[in-house]
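Topology and contacts: notes
Next come the chains, spelled out residue by residue.
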Amino acid sequence: MKALLVLLLTQLCSASLVPEREKDPEYWRRQAQETLRNALRLQRLNQNVAKNLILFLGDGMGVSTVTAARILKGQLQHGQGEESLLEMDKFPFVALAKTYNTNAQVPDSAGTATAYLCGVKANEGTLGVSAGVTRDRCNTTKGQEVTSILRWAKDAGKAVGIVTTTRVTHATPSAAYAHSANRDWYSDGEMPSDALEGGCKDIARQLVENIPDIEVILGGGRKYMYPKNVSDVEYPHEEKHRGTRLDRRNLVQAWQDAKPPGKVAEYVWHRRGLLALNLSRVDFLLGESLHPGVPWHQLGALGDPWPVLGCWSSCSGRLSSQGCCCLRGMVAPGPGDAGSPQNASIPLWMLAKQALHEAVELDRAIGLATRLTSTQDTLSVVTADHSHVFTFGGYTPRGNPIFGLAPMQSDVDRKPFTSILYGNGPGYKIVAGERENVSAVDFAHADYQAQSAVPLRQETHGGEDVAVFARGPMAHLLHGVHEQNYIPHAMAYAACIGSNRGHCNAAARPATPLLLPFLGLLLLLLC
């Protein structure tokens, strides 16, 4: 009787969650017909030459993350959530990208970055090199370097930029300019002696030397630019933030010194410094914060009312609007190295609430870029490098809080569970010999780690395909299921840059591509 009563109440509650208009079958028919009309209009393909290229890269943003972020966005707007639309959902062309590395079924961020930036698949842990390079083996690198779409754009005389919410030396952005047998060689202080003796360069040095005329570089990780033990400008008394370079070079100064006479090169390390600039008089901009991943929920407490990713893209857009400078970029919610101060060693991708709020911030940046550009001359692409073992389920009713409980208990241990779960990771907890009872913890807290099936100190990447959303000139080239390395080739074709330019002519001369990079999620500093 009790079970029947619970079932009846559940059915009644579920029925009450259905919006009145959705009970009318004509609502769904009209919606489908409108979608059909929009699809038919896509038969008139946009084959313009792309003046601008924008690549938004959501680090770890698998399909399940996109869906959960959509629901969160709707619920933040006081809706039920499921019916909401992300900005990327409005892009007319969608594909899937196969993310495996040449030597890994489940990929890492370095090998995938080499694919979607350089157009070549590579081994896990290696950056901007072919699969002929073995991780950690400096002596396998020479002659195996591969160039990125950022280099192709520069070779065509274009202005380019990288904006990221993680370290600028992180695997995700650094494949745009670096060639390394190990993604962790941020400075020479992280490199083994045999690599240094073999002539391999650290990633921070390559940022300054390989493509010295990148117009905009915004991100985090400034300690890799300074000599070892040099105090940090913002945290002078904290040893962990001191410089790491063994060669004693100040790469920020080297970056400024390498600029042509008469050109203005500005370096900023804080949001205030960036906002104080007259960007119409700036030719080159380098901005590096210390912390590349301040959690979303701390922004208000820190007195920063701006959506962080939106701010980054606004800054890049303002600079690109001056003279002939347009930015070709990557926007990506990056993994971040830390959660909150209370969980300083926990990557953000293990904290579902923070990760999904960051995905919503990325969505706001996409919306801003959409408003600032035209689909007639701007190809925008949104994708991910890989997914994570993040999932949500449990037969939750319509409008269930995305961070809430499933409406049922386990039929094995009789305990409740959250709808969001992980396949593996640090959320695996045994209390008194049994699975932790989540009703006894604050599962809605920003630092809550959702339960996982397998105990690991760090959650792993996922191996499934990731979505590719495209809009603008030649967006139809991104369709179906592709190898991930196809993405930059399609973008380059659209902009008439790189090697595949046989279709270009004087009447459709390629113009400056726009590059907006955001690799990491929620970076506080410069913007």
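Residues numbered from 1 in each chain as written. Predicted model: local features only at pLDDT ≥ 70, side-chain atom pairs only at ≥ 80, totals over all residues. Heavy atoms only, no water.

Assigned secondary structure in the protein consists of 13 helices and 19 strands. Every one of the 527 residues in the protein was classed for burial, and the buried ones make up 54%. For the protein, the share of sequence-separated contacts (at least 6 apart) that also reach a separation of at least 24 residues comes to 73%. (Helix = DSSP H or I, 4+ residues; strand = E, 2+ residues; numbered from the N terminus. Buried < 20%, exposed > 50% of the residue type's maximum accessible area, 1.4 Å probe, protein only. Contact = heavy atoms within 4.5 Å.)

Let's shift gears to the packing of aromatic side chains. Summed over the entire model, instances satisfying the criterion amount to three aromatic pairs. Ring plane angle 80 degrees and centroid distance 4.8 Å describe the contact between Tyr27 and Trp28, whose orientation is recorded as edge-to-face. With a relative accessible area of 15%, Tyr27 lands in the buried category. Ring plane angle 75 degrees and centroid distance 5.8 Å describe the contact between Phe390 and Tyr422, whose orientation is recorded as edge-to-face. One end of the pair, Phe390, is in strand 10 (residues 390-392); the other, Tyr422, is in strand 13 (residues 420-425), with 32 residues separating them in the sequence. For the pair formed by Phe390 and Tyr422, the shared burial category is buried. Directly above the aromatic system of Tyr100 lies the positively charged group of Lys121, at a separation of 3.5 Å from the ring centroid. Sitting over the face of the ring of Phe284, Lys259 holds its NZ or CZ atom 5.3 Å from the ring centroid. (Phe/Tyr/Trp six-rings, centres within 6.5 Å; stacked < 30°, edge-to-face > 60°. Lys NZ or Arg CZ within 6 Å of the ring centre and 35° of its normal.)

Glancing now at a nonpolar patch on the surface. Residues Val63, Leu96 and Val481 make up a contiguous nonpolar surface patch of roughly 230 Å² in combined accessible area. Take Val481: its relative accessible area is 54%, and that puts it in the exposed class. (Patch = residues over 30% accessible without salt bridge, like charges linked within 9 Å, V, L, I, M, F, W, Y side chains within 5 Å. Areas by Shrake-Rupley, 256 points an atom, 1.4 Å probe, with all protein chains shown as cover. Salt bridge = Lys/Arg side-chain N within 4 Å of Asp/Glu carboxyl O.)

What follows covers the packing of helix 3 (residues 63-76) against helix 12 (residues 352-372). Put simply, helix 3 and helix 12 touch, their axes get as near as 9 Å, and they point 80 degrees apart. The pairing of helix 3 with helix 12 is recorded here as roughly perpendicular in orientation. Contacts between helix 3 and helix 12 involve Thr65, Ala68, Ala69, Leu72, Lys73 and Leu76 from the first element and Leu356, His357, Ala359, Val360 and Asp363 from the second. In the contact of helix 3 with helix 12, the residues fall into seven nonpolar, two polar and two charged. (Axes fitted to C-alpha atoms, helices over the stretch in contact; angles between N-to-C directions. Parallel < 35°, antiparallel > 145°, perpendicular 65-115°, else oblique. Nonpolar A, V, L, I, M, F, W, Y, C, P; charged D, E, K, R; others polar.)

Bringing the UniProt feature "binding site: Mg(2+)" (unreviewed entry) in the protein into the picture now. Feature annotation in UniProt places "binding site: Mg(2+)" (unreviewed entry) on Asp59, His170 and Thr172, given in this structure's numbering. With the annotated positions falling across 114 residues, the maximum pairwise C-alpha distance of 11.1 Å places them together in a single cluster. Within the secondary structure layout, Thr172 lies in helix 6 (residues 171-174). For Thr172, a relative accessible area of 0% puts it in the buried group. Engagement of the side chain of Thr172 in a polar contact is seen with the side chain of Asp59, the distance being 2.8 Å. (UniProt positions renumbered as here; feature names shortened; annotations may be inferred. Polar contact = N/O pair within 3.5 Å; in protein donor to acceptor, adjacent residues only side chain to side chain.)

This part covers the sheet that holds strand 16 (residues 452-455). Pairing is mixed in the open sheet, where three strands are placed in the order 10-13-16. In this open sheet, the two strands that pair with only one neighbour each are strand 10 and strand 16. In this sheet, adjacent strand axes meet at a mean angle of 25 degrees when their direction is disregarded. Relative to strand 16, strand 13 runs parallel, the two being bridged by three bridges. Bridge pairing links Tyr422 to Ser452 in strand 16. (Pairing = 2+ DSSP bridges.)

Tallying each qualifying case throughout the model produces three cavities of 30 Å³ or more. The calculated volume of the second largest cavity comes to roughly 80 Å³. As for the second largest cavity, its lining consists of Ala352, Lys353, Phe403, Thr418, Ile420, Phe443, His445, Tyr448 and Ala450. Considered class by class, the residues forming the lining of the second largest cavity number six nonpolar, two polar and one charged. (1 Å grid on protein atoms, 1.4 Å probe; cavity = no way out; pocket = protein on both sides within 12 Å on 5 of 7 lines; lining within 4 Å. Points joined across faces, edges and corners; volume = space filled by probe spheres on them.)

The next thing to look at is helix 13 (residues 486-495). Of all ten residues in helix 13, seven are buried, a share of seventy percent or more. Looking at helix 13, one finds that the buried residues are Ile487, Pro488, Ala490, Met491, Ala492, Ala494 and Ala495. Immediately beyond the C-terminal end of helix 13, within one or two residues, lies Cys496, with a positive phi of roughly 60 degrees.

In total, this model carries two disulfides according to the counting rule given. Put simply, Cys138 and Cys200 are joined by a disulfide, and their sulfur atoms are 2.0 Å apart. Sign of the S-S torsion, about 105 degrees for the bond between Cys138 and Cys200, identifies this disulfide as right-handed. Of the two residues, Cys138 sits in the loop between helix 4 (109-118) and helix 5 (149-155) while Cys200 sits in the loop between helix 7 (193-197) and helix 8 (203-209), which places them 62 residues apart along the sequence. Here Cys496 connects covalently by a disulfide to Cys504, the sulfurs 2.0 Å from one another. Disulfide Cys496-Cys504: torsion about the S-S bond near -105 degrees, hence left-handed. The exposure class assigned to Cys496 is buried, which follows from its relative accessible area of 1%. (Disulfide = S-S within 2.5 Å.)

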